[in-house]
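Single-letter residue listing:
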Amino acid sequence: MLDEPVAIGTDENHQVTAIISHLIRPGREQGYEEWVHGIIPAAKQFDGHMGVSIIRPRDRTHPEYVVILRFDSYINLKKWMESDVRRDWIERLQPLIEKPENVQTMTGLETWFTLSEKPLKAPPPRYKMALITWLGVFVTLGIVSRLLAPLLSGLPVLLNQLITTGLVVALLTYLVMPRLTKLFQPWLYPKV
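Predicted model, so just to flag it, every value in this text is computed and none were measured.

## Notes on the environment of L69
- Positionally, L69 belongs in strand β3 (residues 64-71).
- In sequence terms L69 and V16 are 53 residues apart; their C-alpha atoms lie 8.4 Å from each other.
- Not counting residues up to four positions away in its chain, the partners in contact with L69 are V16, T17, A18, I20, H49, G51, V52, L77, W80 and M81.

Encoded structure:
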C-alpha cells in the first residue's frame, strides 16, 4: 500500500516514480526473479504504466533488489499500488523477502536531491532545488561547452547541442548533483 506521508509530490498531472526495495532471503533469488517476471506484466495492464527497471544486487551478502516503477500520475500509481492484483502478488512475495518492502515515490527533480546515506522523507522546497539545479547547470554547461568547443566546432549546431546537453545531463545526474546535494545539505535539509 502506498502511504501518503511517504509520497513526495502528489500532483495528479505529473509523472511519478516509485522506488521499491526488497531484501531477498538467502537462496530465494531465483524465486524472486520468477516473481518479478510475473508481476511486471500485471503492472503493465494498469492505466498510466510507463515502464519498470530492476536493479539487481551486486553483492550476494546483501541481496537487495530495487524496482523503479514509473506511472504517468500519482493517481494511477496509487491505483496500482493499492489494487487487489498487486496485493495478491505481494502475498506471494512474503516467503522470498527478509523484511517488508520499502516504497518511496518521487515526481521530478527531487530524485537529484537524495542523500544516499539517509532515507528520503521529504524533498527540499522547490525554490531550493531550482537554485541548486541552476547552479549545477550553469557551472557544468560552462565548463563542458568550453572544453568541447574546439572538438565540436565543425559539427552542425543541432548535433553540437545534442552532444553537449547529453554530456551535461549525464554529469549532472552522476557527478555534479550528488556532490552539490552533499555540499548544500545543511541548507537543503536543515533538520536532517
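Following the structure, the description resumes.
## What about helix α1 (residues 29-44)?
- Its 16 residues give α1 an end-to-end C-alpha distance of 23 Å, which sits within 8% of 22 Å, the value for a rise of 1.5 Å per residue.
- Every buried residue of α1 is listed here: E29, Y32, E33, W35, V36, G38, I39, I40, A42 and A43.

## Notes on the side chain of K128
- Inspection of the secondary structure assignment puts K128 in helix α4 (residues 126-152).
- Take K128: its relative accessible area is 9%, and that puts it in the buried class.
- A polar contact is formed between the side chain of K128 and the backbone oxygen of W187, at a distance of 2.6 Å.
- In contact with K128, not counting residues within four places along its chain, are W187, L188 and P190.

## Remarks on the packing of α1 against helix α3 (residues 84-93)
- Where α1 meets α3, the closest approach of the two axes is 11 Å, and the angle between their N-to-C directions is 180°. What the angle tells us is that α1 and α3 run roughly antiparallel. In contact with Y32, W35, G38, I39 and A42 of α1, α3 contributes V85, W89, I90, R92 and L93.
- Of the residues contributing to the contact of α1 with α3, the split by class is 8 nonpolar, 1 polar and 1 charged.

## What about the packing of aromatic side chains?
- Under the counting rule described, the total for this entry stands at 6 aromatic pairs.
- Ring centres 6.3 Å apart and planes at 80° place the aromatic pair Y127 and W187 in the edge-to-face group. One end of the pair, Y127, is in helix α4; the other, W187, is in helix α6 (residues 185-188), and 60 residues separate them in sequence.
- Chaining the aromatic ring pairs together yields one cluster made of Y32, W35 and Y65.
- For the cation-ring pair, R92 lies above W89, with the distance from its terminal atom to the ring centre recorded as 4.1 Å.

## Remarks on the sheet that holds strand β2 (residues 49-55)
- Strand order in the open sheet formed by 4 strands is β2-β3-β1-β4, and the pairing between neighbours is antiparallel. Edge strands, defined here as strands with exactly one partner in the open sheet, are β2 and β4 (102-106). Averaged over all pairs of adjacent strands, the angle between their axes in this sheet comes to 15°, without regard to strand direction.

## Focus: the environment of L135
- Here L135 is to be found in helix α4.
- When its relative accessible area of 26% is taken as the criterion, L135 is described as partly exposed.
- Separated by 42 residues in sequence, L135 and M177 have C-alpha atoms that sit 9.7 Å apart.
- When near neighbours in sequence (up to four residues on either side) are disregarded, L135 contacts L180 and F184.

Cut-offs applied
- Residues numbered from 1 in each chain as written.
- Predicted model: local features only at pLDDT ≥ 70, side-chain atom pairs only at ≥ 80, totals over all residues.
- Heavy atoms only, no water.
- Helix = DSSP H or I, 4+ residues; strand = E, 2+ residues; numbered from the N terminus.
- Contact = heavy atoms within 4.5 Å.
- Expected span 1.5 Å × (residues − 1).
- Buried < 20%, exposed > 50% of the residue type's maximum accessible area, 1.4 Å probe, protein only.
- Polar contact = N/O pair within 3.5 Å; in protein donor to acceptor, adjacent residues only side chain to side chain.
- Axes fitted to C-alpha atoms, helices over the stretch in contact; angles between N-to-C directions.
- Parallel < 35°, antiparallel > 145°, perpendicular 65-115°, else oblique.
- Nonpolar A, V, L, I, M, F, W, Y, C, P; charged D, E, K, R; others polar.
- Phe/Tyr/Trp six-rings, centres within 6.5 Å; stacked < 30°, edge-to-face > 60°.
- Lys NZ or Arg CZ within 6 Å of the ring centre and 35° of its normal.
- Pairing = 2+ DSSP bridges.

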